[in-house]
Amino acid sequence: MKKGCTISILVFLAIAFAGALFWLYQKNAQPPVVYETEKPEIRSISKSTVATGNINPKEEVLIKPNISGIIDEVYVEAGDYIKNGDLIAKIKVVPNVSNLNSANNQIQSAKIDLENQKRIYERQKTLFSKGVISANDYDAAETAYKLAQQTYRASQQSAEIIRTGTTSGMTNVAQTLIRSTVSGMVLDVPVKKGNQVIEANNFNEGTTIASLADVGNMIFEGKIDESEVGKLKLGLPLEISVGAIENEKFNAVLDYIAPKGVNENGAMQFPIKGTLENKESTFIRSGLSANASIIIAKVTNVLTLKEGLVQYDEKTKKSFVEVMVSDQKFERRYVELGVSDGIYVEIKKGITKNDKIKVWNQVKK
């Protein structure tokens, strides 16, 4: 039995030894790894970030009345071009019954007082002409009569304002005819004939009758994430893409970055604005959704390399590439990197355009 166990062990060792020899043979028989190489290229690189937003007029003017009432007529509609001073709407004043009744009572009281002061004045005038009273008494009677006349006229004007919304001598203060204060396109007319409107005053912003804007002076309004806002600065070029206008780009200039962000779903967003260049051939409607590609950095005609060919030292974290010096022999060269767009990176120094760079992370077939 001992003899059988010994034979089994020897057979097992022989098989294992033969397997090891076969594995070594197969390993040595494999062809050596052949690395591919690529050359740097001369190209332009731009690094950009994207902001989403809308196209809006740079200045939008809201036309509000300075008198309350009912819209009697509307003379414009959205899309019309109007000039400064053009008629927009007409307001019909609906007087308050209580105020109108009080004003009429004041007229009657002022009229009674005026008639009384007139009689007194005429008597004093007759007495003064005969030398019975002094000049002071006559002047006092004349002054009281003139004040009564003024009070009567004021009460009549008050009643007229309550009844019609204006009065003689005040046509530039209170207007039932609403006119445009600027030239531009009518963007919206939120009221219709029969709607009640409220005047703009210190306690109420008033009812908007129409909104106007110069559609030739449009801006992009969007928001940028806090991770990107630190890379922006005023004056950077923007490339605007409008979803409703295909195959056309609009140039703009970044002229506003908000100093304070807005918290949206746990992330801070910073509002930005950019003025569009005047595009006379294309009409851009207010409120259209748009994306702005903000060019953070751009270089032209520089030496570039695919970013995937760049390696980094594990200890120093310096960037380097492997340059072929002879057939499948490479040496390490440290390089200084510049602008990157995520695919290509600018090479400032370290290699030339004739160097062959090792593709170290090539995919095996």
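From a predicted model like this one, the values you see are computed outputs, not experimental measurements.

## Section: the sheet that holds strand 3 (residues 60–63)
Line of reasoning, step 1. Pairing in this open sheet of four strands is antiparallel, and the strands run 3-10-8-5 from one edge to the other. Two strands bound the open sheet, and with one partner strand each, they are strand 3 and strand 5 (81–82).
Line of reasoning, step 2. Pairing between strand 5 and strand 8 (residues 184–188): two bridges, direction antiparallel. Bridge pairing in strand 8 links Tyr81 to Met185.

## Topic: the side chain of Gln311
Line of reasoning, step 1. Mapped onto the fold, Gln311 is located in strand 17 (residues 311–312).
Line of reasoning, step 2. Look at Gln311 and you get buried, because its relative accessible area is 13%.
Line of reasoning, step 3. Of note is the side chain of Gln311, whose polar atom sits 2.8 Å from the side chain of Glu322.
Line of reasoning, step 4. If we ignore the near neighbours within four places in the chain, the residues touching Gln311 are Lys318, Ser319, Phe320, Glu322 and Trp360.

## A few points about the nonpolar core
Line of reasoning, step 1. Residues Ile55, Phe220 and Ile240 are the most contacted members of the largest nonpolar core, which totals 26 residues.
Line of reasoning, step 2. Among the secondary structure elements, those contributing two or more residues to this core are strand 2 (41–57), strand 11 (218–225), strand 12 (237–242), strand 13 (249–257), strand 15 (267–276) and strand 16 (288–306).
Line of reasoning, step 3. Tallying contributions element by element places strand 16 first for this core, with five residues.
Line of reasoning, step 4. For Ile55, the contacting residues outside a window of four places in its chain are Met218, Ile219, Phe220, Ile240, Val242, Leu276, Ile284, Arg285, Ser286, Gly287, Leu288 and Ala290.

## Considerations on the pairing of strand 12
Line of reasoning, step 1. Burial along strand 12 is one-sided: the face carrying Leu238, Ile240 and Val242 is buried and the face carrying Pro237, Glu239 and Ser241 is not.
Line of reasoning, step 2. Across five bridges, strand 12 lies against strand 13 in antiparallel orientation. Among the inter-strand pairings, Pro237 is bridged to a residue of strand 13, identified as Val253.
Line of reasoning, step 3. Linking strand 12 to strand 13, which pair antiparallel, is a turn of six residues; within it Asn247 sits at a positive phi near 60°.
Line of reasoning, step 4. In terms of strand pairing, strand 12 meets strand 16 through five bridges, oriented antiparallel. Bridge pairing in strand 16 places Leu238 opposite Ile294.

## Section: the side chain of Glu322
Line of reasoning, step 1. Mapping Glu322 onto the fold places it in strand 18 (residues 319–326).
Line of reasoning, step 2. With residues near it in sequence (within four places) discarded, Glu322 still touches Gln311, Phe330, Glu331, Lys356, Ile357, Lys358 and Trp360.

## A look at the pattern of salt bridges
Line of reasoning, step 1. Applying the stated criterion to the full structure yields 12 salt bridges.
Line of reasoning, step 2. Between Asp355 and Arg333 there is a salt bridge, with its nearest N and O atoms 3.2 Å apart. With Asp355 in the loop between strand 21 (344–349) and strand 22 (357–358) and Arg333 in strand 19 (residues 329–334), this residue pair connects regions lying 22 residues apart in the sequence.
Line of reasoning, step 3. We classify Asp355 as buried; its relative accessible area is 13%.
Line of reasoning, step 4. Judged by its relative accessible area of 26%, Arg333 falls in the partly exposed class.
Line of reasoning, step 5. One connected set of salt bridges, linked through shared partners, spans Glu331, Arg333 and Asp355.

## A few points about the sheet that holds strand 4 (residues 69–74)
Line of reasoning, step 1. Strand order in the open sheet made by the four strands is 7-6-4-9, with antiparallel pairing throughout. Every other strand in the sheet has two partners, leaving strand 7 (177–179) and strand 9 (196–197) as the edge strands with one partner each.
Line of reasoning, step 2. Inspection of the sheet shows strand 6 (residues 87–92) paired to strand 7 by three bridges, in the antiparallel sense. Counted as the bridge partner of Lys90 is Leu177 from strand 7.

## Some remarks on the packing of aromatic side chains
Line of reasoning, step 1. All told, the structure shown has four aromatic pairs when counted by the stated rule.
Line of reasoning, step 2. Centroid distance Tyr121 to Tyr145: 5.2 Å. Interplanar angle 5°. Geometry classified as stacked. Taken together, the residues Tyr121 in helix 2 (residues 97–129) and Tyr145 in helix 3 (residues 135–164) connect sequence positions 24 residues apart.
Line of reasoning, step 3. On the basis of relative accessible area, Tyr121 is assigned to the buried category, the value being 14%.
Line of reasoning, step 4. Measuring from centroid to centroid gives 4.8 Å for Phe128 and Tyr138, while their planes differ by 15°, and the two rings are stacked. Of the two residues, Phe128 sits in helix 2 while Tyr138 sits in helix 3, which places them 10 residues apart along the sequence.
Line of reasoning, step 5. By relative accessible area, Phe128 is classed as partly exposed at 34%.
Line of reasoning, step 6. Since its relative accessible area comes to 14%, Tyr138 is described here as buried.
Line of reasoning, step 7. What links up through ring pairs into an aromatic cluster is the set Tyr121, Phe128, Tyr138 and Tyr145.
Line of reasoning, step 8. Here Lys273 stacks its cationic end above the ring of Tyr256, 5.3 Å away from the centre of that ring.
Line of reasoning, step 9. Of note, Lys358 hangs over the ring of Phe330, and the distance from its end group to the ring centre comes to 5.3 Å.

So, how was this worked out
Residues numbered from 1 in each chain as written. Predicted model: local features only at pLDDT ≥ 70, side-chain atom pairs only at ≥ 80, totals over all residues. Heavy atoms only, no water. Pairing = 2+ DSSP bridges. Helix = DSSP H or I, 4+ residues; strand = E, 2+ residues; numbered from the N terminus. Buried < 20%, exposed > 50% of the residue type's maximum accessible area, 1.4 Å probe, protein only. Polar contact = N/O pair within 3.5 Å; in protein donor to acceptor, adjacent residues only side chain to side chain. Contact = heavy atoms within 4.5 Å. Core = buried A, V, L, I, M, F, W, Y, C linked by side-chain atoms within 4.5 Å. Salt bridge = Lys/Arg side-chain N within 4 Å of Asp/Glu carboxyl O. Phe/Tyr/Trp six-rings, centres within 6.5 Å; stacked < 30°, edge-to-face > 60°. Lys NZ or Arg CZ within 6 Å of the ring centre and 35° of its normal.

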